[in-house]
Amino acid sequence: PYHVCAVQRAAEAQGRPTELRYTETHLDTIFALSTHPGKAGIAVVRVSGPQAKSVLKSMTLAKAPFPKPRQAVTRRLLCPQSHELLDKGMVVWFPGPRSFTGEDSVEFHCHGGKAVVDGILRGIGNTGPHVRLAEPGEFSRRAFENNKLDLTEVEGLADLLNAETEAQRRLALRQADGGLKNLYETWRTQLIKSMALIEALIDFGEDENIEDDVYDNAKRQAAIVSPIPGTTRDVVEVSLDIGGYPILIGDTAGLRSSQDEIEMEGVRRAQDRIRLADINIAILPATDFLSSSKVGGGVDPIVLEAVRKNPKTMVLINKMDLPGLENDKAMAAAKSVLWGDTSLADGGEDQRRLWAISCQTGDGIGRFLNDFIKILKDRFENSVSSSTSITQYRHRKHLENCIQSLDAFLDLSADDIVLGAEELRHAASDLGRITGRVDVEEVLDVVFREFCIGK
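Residues numbered from 1 in each chain as written. Predicted model: local features only at pLDDT ≥ 70, side-chain atom pairs only at ≥ 80, totals over all residues. Heavy atoms only, no water.

- Under an unreviewed UniProt entry, the chain has the name Mitochondrial splicing system protein and belongs to Linnemannia gamsii.
- According to its UniProt record, the chain has this under Sequence similarities (unreviewed entry): "Belongs to the TRAFAC class TrmE-Era-EngA-EngB-Septin-like GTPase superfamily. TrmE GTPase family."
- The record in UniProt for the chain states the following under Subcellular location (unreviewed entry): "Mitochondrion". (UniProt positions renumbered as here; feature names shortened; annotations may be inferred.)

The structure is reproduced here in structure tokens:
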């Protein structure tokens, strides 16, 4: 029986018309010219499907050894019926699933004359009853259905083929390489985790001892914050616009040695975040550097290691407003403890990593923010200007729908938990429709019809 994929069955269940030329013909082997038609030095003919291996054998001398995977070898290309020599070229064998389509595939590299190409195409078409010319975009369609590409990567590939400027090429290449896929799948995974909390509360809330704030936890990972040091266990995140740059700031547990198992879990999470972050900001009280007879005796060794070994870490010395505190003495002590007595003597790189502030009065914060914006510009100006953008109308539409569902979810109270779960499902579904993780049959033809025959 022909292979019918899940998207077709889902479409039929909803009473929608379906096109079977892709979903019912997986047993066919397809072929097409993948390079531009017309006179050229070289032409590439691509073959993909279960009979690709037999096509390769039929088009070359029977006594020739079968090529090793992914190695180009020279071969005499023959007519399967008459064994007439068509051309001398190269062949490359790609056994599935390690191929573009995920199927057994072969490429014939021949001379680009029209008569040569026509002869090879005609010869391949005569190798078997289930060997046929490919539909436009069918190679990429098979790659999608075999999980070799998602829809954003397919669209990036189409944009790359149509790119005319350097900027278009860079943007399309990032999308084809999974730039958008990784972003959208990260968001979708976060939504699914929130959905799991909600579903657990719906299913077991009346029978199990589940905390009353589970619904709020789905909106934001739970955080325990109090004025007592060491009570921030999880990472609290907030998005800020700083100098025109979109910044995601995570407030982690303080780094400190402890025998408390829960507190050390918070420290472990903070260390994981430090490794992943682009920039780290350590806020240390000035009193830590003057808290004993030995300068710096109050600074935890874990903090010293994080600052010294991580050039991404900036240090804010806080509480500079305390009565009797000599600012110059405190800053000198901080410099000495953190980097040594001589590291800042000549105003080197570490000088840009240390600021004096007071969160109580606000002194020094403006100066730090101005310097921070300059650092952001120096480090990320190029990456921000060349970041992956929304290039497809359907992406924008699904993202707008996702935001609407999330806004609706956040506006609901814990009493509307079932409606909240449904809004989260809608949001995750819209993100999934961008990458193809849900039923997207209605958008597939739009995506693939833009391709040329051999792609």
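We are not done yet, so read on.
## Some details on the sheet that holds strand 6 (residues 131-133)
Next, step 1: Read across the open sheet, the six strands follow the order 3-4-5-2-1-6; overall the sheet is mixed. Each edge of the open sheet carries a strand with a single partner, namely strand 3 (73-78) and strand 6. Adjacent strand axes in the sheet meet at a mean angle of 30 degrees when their direction is disregarded.
Next, step 2: Two strands pair when backbone bridges link them, and strand 2 (residues 42-48) and strand 5 (residues 105-111) are joined in this way by seven bridges, in the antiparallel orientation. Counted as the bridge partner of I42 is H111 from strand 5.
Next, step 3: Sitting on the sheet, helix 3 (residues 52-59) touches strand 1 (29-33), strand 2, strand 3, strand 4 (85-94), strand 5 and strand 6, and the angle it makes with strand 5 is about 30 degrees.
Next, step 4: Across the sheet, helix 5 (residues 138-145) lies against strand 1, strand 2 and strand 6, angled at about 135 degrees from strand 1, the strand it touches most. (Pairing = 2+ DSSP bridges. Helix = DSSP H or I, 4+ residues; strand = E, 2+ residues; numbered from the N terminus. Axes fitted to C-alpha atoms, helices over the stretch in contact; angles between N-to-C directions. Contact = heavy atoms within 4.5 Å.)

## Remarks on the pairing of strand 3
Next, step 1: Where strand 3 and strand 4 come together, six bridges link them in antiparallel fashion. The residue bridging R75 from the neighbouring strand is G89, located in strand 4.
Next, step 2: The hairpin formed by strand 3 and strand 4 contains six residues between the paired strands, and H83 there has a positive phi angle of roughly 60 degrees.

## Brief notes about the side chain of E107
Next, step 1: Residue position: E107 is located in strand 5.
Next, step 2: Summary of buried charges: E107 has no salt-bridge partner, and the nearest side chain of opposite charge, R46, is 4.1 Å away.
Next, step 3: Only 3.1 Å separates the side chain of E107 from the side chain of H109, close enough to count as a polar contact.
Next, step 4: When residues no more than four places from it in sequence are discounted, the contact partners of E107 are V44, V45, R46, M90, V91, V92 and F94. (Buried < 20%, exposed > 50% of the residue type's maximum accessible area, 1.4 Å probe, protein only. Lys, Arg positive; Asp, Glu negative; His and termini not counted. Salt bridge = Lys/Arg side-chain N within 4 Å of Asp/Glu carboxyl O. Polar contact = N/O pair within 3.5 Å; in protein donor to acceptor, adjacent residues only side chain to side chain.)

## Quick look at the nonpolar core
Next, step 1: Grouped together as the largest cluster of nonpolar side chains are 24 residues, with contacts concentrated most on F289, V307, V315, I317, M320, L338 and L354.
Next, step 2: Mapped by element, the contributors of at least two residues to this core are helix 10 (261-276), strand 9 (280-285), helix 11 (301-308), strand 10 (313-318) and helix 12 (327-339).
Next, step 3: Sort the elements by how many residues they give to this core and helix 12 lands first, with seven residues.
Next, step 4: Discounting residues that sit within four places of it in the chain, L338 has contacts with L284, F289, L304, V307, R308, V315 and L354.
Next, step 5: Residues A43, M59, V106 and V131 belong to the second largest nonpolar core, which totals 21 residues. (Core = buried A, V, L, I, M, F, W, Y, C linked by side-chain atoms within 4.5 Å.)

## Concerning helix 12
Next, step 1: The first and last C-alpha atoms of helix 12 sit 18 Å apart over 13 residues, in line with the 18 Å expected at 1.5 Å per residue.
Next, step 2: For helix 12, the set of buried residues is A330, M331, A333, A334, V337, L338 and W339.
Next, step 3: The elements touched by buried residues of helix 12 are strand 9, helix 11, strand 10 and strand 11 (354-356). (Expected span 1.5 Å × (residues − 1).)

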